[in-house]
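# Commentary on secondary and tertiary structure
Take a look at the letters that make up each chain.
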Amino acid sequence: MTALMSLAYEQTHLARWSGFLIIAQIGPTVLFGVLGGKIADRFPQRLVIAITQIIFAAVALLLLICYLQNLLTVQMMLVAMLIHGVAQAVDLPTRLALVPRLVHRDDLINAISLNSLMFNASRALGPAIAGILITTIGFSACFVFNFASYLAVLLAISLMRFSHEAPPLVDNREFPVAAGVIPTQIKWLIVVAGLVAVSGWPILALLPAYADRVLQGGQELYSQLLSCVGVGALVAALVTASFGNEARRRKILQIGLVFVAFGLLWLCFSKTMVLACFGCMILGFGMILFFSTGQSAVHLSVDQHHRGRVMGWWASVMSAGVPVGNLLFAPIADTLSVPLVIGLQAAMVTVTLGITYFRRIP
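Since the structure is predicted, the reported quantities are computational estimates derived from the model, not experimental observations. (Residues numbered from 1 in each chain as written. Predicted model: local features only at pLDDT ≥ 70, side-chain atom pairs only at ≥ 80, totals over all residues. Heavy atoms only, no water.)

## Description of the nonpolar core
Selection criterion: What makes a nonpolar core is a set of buried Ala, Val, Leu, Ile, Met, Phe, Trp, Tyr and Cys residues whose side-chain atoms join them at distances within 4.5 Å. Think of it in three bands: with a 1.4 Å probe and only protein chains considered, a residue is buried below 20% of the maximum accessible area for its type, exposed above 50%, and partly exposed in between. In this description, contact between two residues means that some pair of their heavy atoms is separated by no more than 4.5 Å.
Counting 71 residues, the largest nonpolar core has I203, L207, Y210, L225 and F291 as its most contacted members. When near neighbours in sequence (up to four residues on either side) are disregarded, L207 contacts Y222, L225, L226 and C280. Within the second largest apolar cluster, 23 residues are counted, among which are L4, L63, M77 and M81.

Right, here's the structure in full:
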């Protein structure tokens, strides 16, 4: 996605195309994430994940071939990401629901924490690695490594040994998700997470324009900013693993939001590369601190027989936040200014922080 967003901006010099690509990738999860969660509860999860990974690998190979043949237009990118997005609508809730089947109950909290840390940290570390590959080897390296990564997942799936049998299937009509599977506290947490996704993650799509228009740089500065987001994410992963527990969970969620708002506000007023890098590290730290803790809370608050469907709701809301944020902020960045948009994002996160004080979340 980092390579595609950068290529799209290079071809069009418009920030909106980066947002359109993310919408094409994530949009299907918004629409069909709950259905994907039902599939995760009803069919063998190992088989479902294997099928989706094969589709992902085929899309990555298609992108590589088109790029080498100089056929990779923004329209082709959109088609590829739409195919990827449909498969992701099933893959994401299935992977989230799979974790509790891999360990015994006593190890469940640690396993969920580790999964949520890796899942969310990869959203920041992946673009950082891609930024390095773009500047050192080229765009084709991103597509090659992306293709190889799905082969690694297929190997890992084949080597997994489940600690217990899959939960028995239940009739959806007897236990509908909308009728109360999700506790009220978790509903509010999902709403807050969605708002943070709207106001926080779109910064990744704005960074190419930020590096160009604010810092007067190109791909090298863009990759450095992404790397700084990744550094902050890694530090947050270590902090959460060391100090995160159920007693501190609400406070950690709020601290994460404070860092997100501060990082965005810092970027809004930064005019040099050093200051911008610091802001990106703060932002990456806050985002991962919040989302990894929130994801663990959702996992631990739902029944195992319906975890796929509940995680489908989590995936849908989270995924909806990104395209909504891009649709909201990218056009403003093109017509007004990137720093102004980042300031608006910071204000929105601050409002979301206030919600956590007035509405009880776990």
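Further notes follow.
## Digging into the side chain of Q25
Filter applied, for reference: Comment: elements are numbered from the N terminus, with helices defined as DSSP H or I runs of at least four residues and strands as E runs of at least two.
Summarising the element assignment, Q25 is placed in helix α2 (residues 15–42). Excluding residues within four positions of it along the chain, Q25 makes contact with M1, M81, H84, G85 and Q88.

## Considerations on the environment of L195
Among the structural elements, L195 can be located in helix α7 (residues 184–200). Counting along the chain gives 154 residues from L195 to V349, while the straight-line C-alpha distance between them is 7.6 Å. In this structure, L195 is in contact with M348, T352 and I355, ignoring residues within four places of it in sequence.

## Describing a nonpolar patch on the surface
To keep things clear, this is the line we draw: The residues that make up patches have over 30% relative accessible area and no salt bridge, and they are joined within 9 Å when like-charged or within 5 Å when they are Val, Leu, Ile, Met, Phe, Trp or Tyr. With residues, only the protein chains shown are counted as cover, and all accessible areas are computed by Shrake-Rupley using a 1.4 Å probe. One speaks of a salt bridge when a side-chain nitrogen belonging to Lys or Arg is within 4 Å of a carboxyl oxygen belonging to Asp or Glu.
Taken together, the side chains of L47, I51, I55, V79 and I83 define a hydrophobic patch exposed on the protein surface, amounting to about 420 Å² of accessible area. Counting only elements with at least two residues in the nonpolar patch, the list comes to α3 (45–68) and α4 (74–98). Tallying contributions element by element places α3 first for the nonpolar patch, with three residues. A relative accessible area of 48% places V79 in the partly exposed class.

## Looking at the packing of helix α8 (residues 203–213) against helix α12 (residues 307–335)
Threshold: Lines are fitted to the C-alpha atoms to define the axes, a helix being fitted only along its stretch in contact, and any angle between axes, read from their N-to-C directions, falls within 0 to 180 degrees. Roughly parallel refers to an angle under 35 degrees, roughly antiparallel to one over 145, roughly perpendicular to one between 65 and 115, and oblique to any angle outside these ranges. Definitions for this section: a left-handed crossing has its near helix turned counterclockwise from the far helix by less than a right angle. A right-handed crossing has that turn clockwise.
Where α8 contacts α12, the two axes come as close as 10 Å, and the packing angle between them is 15°. Of the possible angle classes, the one that applies to α8 and α12 is roughly parallel. You can see that α8 and α12 cross each other, and the crossing is left-handed. Every residue of α12 that contacts α8 at A205, L206 and R213 is listed here: N326, A330, A333 and D334.

## Describing the pattern of salt bridges
Should the charged atoms of two oppositely charged side chains come close, the side chains can pair. What the rule picks out here adds up to three salt bridges. In this structure, the salt-bridge partner of R95 is D91, at a minimum N-O distance of 2.5 Å. Linking R95 with D91, this pair stays in helix α4, spanning four residues, or about one helical turn.

## Observations regarding unusual backbone geometry
Note: most residues except glycine have negative phi, and most peptide bonds are trans. Even without being glycine, H13 reaches a positive phi, approximately 60°. Structurally, H13 is set in the loop between α1 (2–12) and α2. For Q216, which is not a glycine, the phi torsion comes out positive at approximately 60°. Structurally, Q216 is set in the loop between α8 and α9 (219–243). For Q216, a relative accessible area of 65% puts it in the exposed group.

## With respect to the packing of aromatic side chains
We count it as follows: We call Phe, Tyr and Trp rings a pair once their centres come within 6.5 Å, taking the six-membered ring for Trp, and we label the pair stacked below 30 degrees between planes, edge-to-face above 60, and tilted otherwise.
All chains considered together, the criterion is met by nine aromatic pairs. Grouping aromatic residues by their ring pairs yields a cluster made of Y67, F139 and F143.

## Focus: the confidence of the model for the chain
Any region with low pLDDT has predicted coordinates that should not be read closely. So the rule is basically this: What pLDDT conveys is the predictor's confidence in a given residue, as a value from 0 to 100.
Put simply, the chain has an average pLDDT of 83, and 88% of its residues get 70 or more. The low-confidence segment residues 165–180, where pLDDT is below 50, has 20 contacts with residues more than four positions distant or belonging to other chains.

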